Amino acid sequence: MTKWQYGLAYYNPDGLIEAHGEYMNDMQGARQSIAPFLLEAGEKGWEMCGLLPGKSDKPHDSCLVFKRPA
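Bear in mind the structure is a predicted one, so any value in this text is a computation, not a measurement. (Residues numbered from 1 in each chain as written. Predicted model: local features only at pLDDT ≥ 70, side-chain atom pairs only at ≥ 80, totals over all residues. Heavy atoms only, no water.)

Enquirer: Can you tell me about a nonpolar patch on the surface, naming the residues and giving the values?
Expert: The grouping of Ile34, Leu38 and Met48 at the surface amounts to a nonpolar patch, some 240 Å² of accessible area in total. Along the chain, methionine 48 turns up in strand 4 (residues 47-52). The exposure class assigned to methionine 48 is partly exposed, which follows from its relative accessible area of 38%. (Patch = residues over 30% accessible without salt bridge, like charges linked within 9 Å, V, L, I, M, F, W, Y side chains within 5 Å. Areas by Shrake-Rupley, 256 points an atom, 1.4 Å probe, with all protein chains shown as cover. Salt bridge = Lys/Arg side-chain N within 4 Å of Asp/Glu carboxyl O. Helix = DSSP H or I, 4+ residues; strand = E, 2+ residues; numbered from the N terminus. Buried < 20%, exposed > 50% of the residue type's maximum accessible area, 1.4 Å probe, protein only.)

Here you go:
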């Protein structure tokens with residue numbers, strides 16, 4: 001059975017993604033547009049596996065969910 005490590009990244013209204021430091025500590029400080037963020041995350045073993053949409057009046061509440069083998 002594969003055990004997974006999960007990570008979160010926030011999508012902000014400016015179209016940038018910022019990793020949550022506690023859950024994706026190897027991506028901490030990365031605040032990029034989607035393509036460069038996904039490229040860097042993928043090189044570190046992260047795979048995007050979901051989207052938690054925010055409220056329509058607060059798009060910065062949206063989160064991208066990532067996983068990689070633990």
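There is more to say after this.
Enquirer: Pulling in residues and values, what's your account of the packing of aromatic side chains?
Expert: Applying the stated criterion across every chain yields a total of one aromatic pair. Considering the side-chain rings of phenylalanine 37 and phenylalanine 66, the 5.9 Å spacing of their centres and the 55 degrees angle between planes classify their relative orientation as tilted. Taken as a pair, phenylalanine 37 in helix 1 (residues 34-43) and phenylalanine 66 in strand 5 (residues 63-69) lie far apart in primary sequence, 29 residues in all. Here the two residues phenylalanine 37 and phenylalanine 66 agree in accessibility, since each one is buried. Sitting over the ring of tryptophan 4, lysine 67 keeps its end group 4.1 Å from the ring centre. (Phe/Tyr/Trp six-rings, centres within 6.5 Å; stacked < 30°, edge-to-face > 60°. Lys NZ or Arg CZ within 6 Å of the ring centre and 35° of its normal.)

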